[in-house]
Amino acid sequence: MHVVGVFILAVCVDVIICVVDHRFAYIKCDQAISYTNVLREWVASGIRWLILQGVITFARNGSSRVLQRWVTSHCLLGPIFFTGHIVMLGSFELEKSCVWLLNLLAAATACLFWEMSWPDKSYQSNGEKRRQTARALFKRVILLYRPDYILLFGAFVFLSLAVLCEMFIPFYTGQVIDILKSQYQWNDFLTAILFMGFFSLGSSFSAGCRGGLFMCAINSFTCRVRVKLFRSLVSQEIGFYETTKTGDLSCRLSTDTNLMARAVALNVNVLLRTFIKTLGMLSLMVSLSWKLTVLMLMETPITGLLQNIYDTFYQKLVQEVQNSIARANDAAEEAVSGIRTVRGFRTEKSESRRYDDRLMDTHNLKTKRDTVRAVYLLVRRLTEVGMKVAMLYYGRLIIQSGEMSTGNLVSFILYQSDLADNIRTLIYIFGDMLNSVSAAGKVIEYLDRKPEVSTEGTLQPDVLKGHVQFQNLTFSYPTRPDQKVLKDFSLELKPGQMTALVGSSGGGKTTCVGLLERFYQAQEGEILLDGQPLQNYQHKYLHMKVAMVGQEPVLFSGSVKDNITYGLGECSLQRVQEAARKANAHGFISQLEKGYDTDVGERGGLLSGGQKQRIAIARALIREPQVLILDEVTSCLDTESEQMVQKALASCPNQTLLVVAHRLKTIERADQIVVIDNGTVIEKGTHKELMERQGSYYRLSERLFTDS
Ligand SMILES: Nc1ncnc2c1ncn2[C@@H]1O[C@H](COP(=O)(O)OP(=O)(O)OP(=O)(O)O)[C@@H](O)[C@H]1O
């Protein structure tokens, strides 16, 4: 049956129940008999609730959340209203059918509003799921705090002290007012003032210590998580960096780690403080007037509902703001790191515009987020004011009846404003924790991420011949899983031989090199090194034995020597110079102002392309690798440098050499030339053989190797 039909059916059933139960009568009772009525009201409503739930479940052939919500609120509103009336005013005098009608309308309107704002599906699946993940994340963050537990414990001790002291201040304020109203003794007055001073001082001192300890814990947590995160990030496979934006990563490292540290520590701090304070205050307030306390607590469900609604919106917006900040960072980083290209193509304005657009997105999202917050605060304030008015009105009544003194009412009101804040904070803090812990989501995801290309091999034989076999490789890049770059690709590199890969641009030469360096993992087939799959070798060992100089060598800021010995630790200057000589770099390095100690600048920006290339070659040669890969390195070198490098390479007779080159001179002397096109080997042989065959290589040599 349709929801509306079930609703009408349930209303009819409820009318019948009420008629049978004589609920549509005029009711008048005073406090003496009212508590039995209160109990009866609750029991009757419970039975009504059960019957109506049964009706909607039966009629809908399953449950409907909106109807369940309506039945619950419809059945609850009556007894709550009745109980409140009896407790506060001591009597009840009303036409019950009016209450029933009001209940029906209020519950139905509220449920309709709820359903329209947060349809079942999205509310259930998104909200609940998010809460669950947030809880799990929260636990993880707490575990990550383990080394700082002592600091946190110290902070909690001071926190409890601060709260206890703070709690007594309003109490003594009320006492002072009552003393002043009477024919007081100086002694009583001074004692009350002294107590107030003592608790104020104690509270300030403990709060200071608590803050300091919390900040220490937060700072230590942030540093530790940043290092862990960085360690995890640098061990990820190259494909991960191709699918993840740099701005995103730097945002996680800088902003999110801090946010998650603060979110949890500060929220737990606030949560505990508020919790202890709330309990203490509640007991003090009940001792002052339990009736006023019950009245005040009626605000709690309204605040809870408001908070819940607000959280759902706010959390989503916070996430969107975070992502848009990451996108803006991306734009800025891309432009700054490629400033030469930006300048060369005069795209400064369009880059600024792109950055401006992204900042505008962030700005708009922030405005939206702040508007939601402002509306929420306004509604919250209105509820607060309403509650204050009700309290003062009822307070006046009980002072008039002599149940409470003025001083006690002052104490109560002082507690009330604080307690209302505390209860709101208690409700709010859960939402806020969920909000802020969402920043931890990505951090923890990256912390837990296992690289898809494993680096857990253990093999490190003493002797490595350098025999490489590519066996039936099929590979596509993670960013383009549908485009097969290598198809059933097989190739053998013999120890001591030089193999040259040639072919038209985009054929797959660099991809082969990337796979041999284990930047990626082929989807099918494998690469064997001395008969063992590459992944079986220990990560460090493999990269000592298989070295590569790439198309665009990257240097790091630091000295020339640091760059040549990169990843090797301590190395003698003599060894560094020897490698630099082989790479024909010693000459230009010696002419630099500080020789091998000269700073190369960020990314080697203070050197020319050819100089960077030669340092990169020296960096590979110093490792004395068994397999050396040169990916179009000679393109940046002049003829003299190239000859020197060739000579140096020829002097390592047992080395397996894989060269990707576009110059005929480099290729000619290769033991094996492999022509690759469209991800497959189309020709193989020596220069002489291939030229005689007059096939693809012959045509390629005519077309490409212009310098010959
Ligand atoms: N990181 C990447 N992600 C997705 N596709 C890629 C990536 N790198 C290369 N490709 C694609 O893979 C194919 C082979 O590229 P590869 O760089 O291996 O060619 P190449 O033969 O070395 O070319 P060139 O001689 O121009 O350097 C090309 O179609 C290229 O667009």
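Computed from a predicted model, the values in this text were never measured in an experiment.

Novice: Would you mind going over the site of the ligand with me for this structure?
Specialist: Around the ligand, 13 residues are found, and the nearest of them are Y477, S505, K509, T510 and T511. Per-element tally for the shell around the ligand: the top contributor is helix α15 (residues 509-516), with 3 residues. Residues that form the shell around the ligand fall into these classes: 2 nonpolar, 8 polar and 3 charged.

Novice: Please clarify how the nonpolar core should be interpreted in this entry.
Specialist: Note on soluble globular proteins: their nonpolar side chains tend to be buried together. Residues A500, I617, A618, V659 and I673 are the most contacted members of the largest nonpolar core, which totals 66 residues. When residues in this core are grouped by element, the largest group, 6 residues, is from helix α20 (residues 609-621). In this structure, A500 is in contact with V659, A661, I667, A670 and I673, ignoring residues within four places of it in sequence.

Novice: Sorry, what's going on with the sheet that holds strand β6 (residues 524-529) here?
Specialist: Taken in spatial order, the 4 strands make up an open sheet running β4-β3-β6-β7, and their pairing is antiparallel. In this open sheet, the two edge strands, each paired with only one partner strand, are β4 (486-493) and β7 (532-533). By the bridge criterion, 5 bridges tie strand β3 (residues 468-475) to β4 in an arrangement that is antiparallel. Bridging from a neighbouring strand, F470 pairs with L491 of β4. Sitting on the sheet, α15 touches β3, β4 and β6, and the angle it makes with β3 is about 115°.

Novice: Before we go on, may I ask you to explain the packing of helix α10 (residues 290-297) against helix α13 (residues 348-400) in this structure?
Specialist: Two packed helices can be described by the angle between their axes and the distance between those axes. One way to put it is that α10 packs onto α13 with a least axis distance of 10 Å and a crossing angle of 165°. With respect to their mutual orientation, α10 and α13 come out roughly antiparallel. You can see that α10 and α13 cross each other, and the crossing is right-handed. Taken together, the residues of α13 that come into contact with α10 (itself represented by K291, L292, L295 and M296) are M387, A390, M391, Y394, G395 and I398. Along the lines of polarity and charge, the residues of the contact of α10 with α13 split into 8 nonpolar, 1 polar and 1 charged.

Novice: What is the right way to look at α20 in this model?
Specialist: Given 3.6 residues per helical turn, the α-helix brings residues three or four places apart onto the same face. Between its first and last C-alpha atoms α20 spans 18 Å; for 13 residues at 1.5 Å apiece the expected length is 18 Å, and the two agree. Summarising burial for α20: 11 of the 13 residues are buried, a large majority. Those residues of α20 that sit buried are Q611, K612, Q613, R614, I615, A616, I617, A618, R619, A620 and L621.

Novice: Explain unusual backbone geometry here, please?
Specialist: Glycine aside, the phi torsion of most residues is negative, and most peptide linkages are trans. Phi at N584 takes a positive value of approximately 55°, unusual for a residue other than glycine. Here N584 is to be found in the loop between α18 (573-582) and α19 (586-591). Even without glycine at this site, N678 takes up a positive phi of about 55°. Counting through the fold element by element, N678 comes out in the loop between β11 (672-677) and β12 (680-685).

Calculation notes
- Residues numbered from 1 in each chain as written.
- Predicted model: local features only at pLDDT ≥ 70, side-chain atom pairs only at ≥ 80, totals over all residues.
- Near = placed C-beta within 6 Å.
- Helix = DSSP H or I, 4+ residues; strand = E, 2+ residues; numbered from the N terminus.
- Nonpolar A, V, L, I, M, F, W, Y, C, P; charged D, E, K, R; others polar.
- Core = buried A, V, L, I, M, F, W, Y, C linked by C-beta atoms within 7 Å.
- Buried ≥ 20, exposed ≤ 12 C-beta atoms within 10 Å, placed from the backbone.
- Contact = placed C-beta atoms within 7 Å.
- Pairing = 2+ DSSP bridges.
- Axes fitted to C-alpha atoms, helices over the stretch in contact; angles between N-to-C directions.
- Parallel < 35°, antiparallel > 145°, perpendicular 65-115°, else oblique.
- Left-handed = near helix turned anticlockwise from the far one by under 90°.
- Expected span 1.5 Å × (residues − 1).

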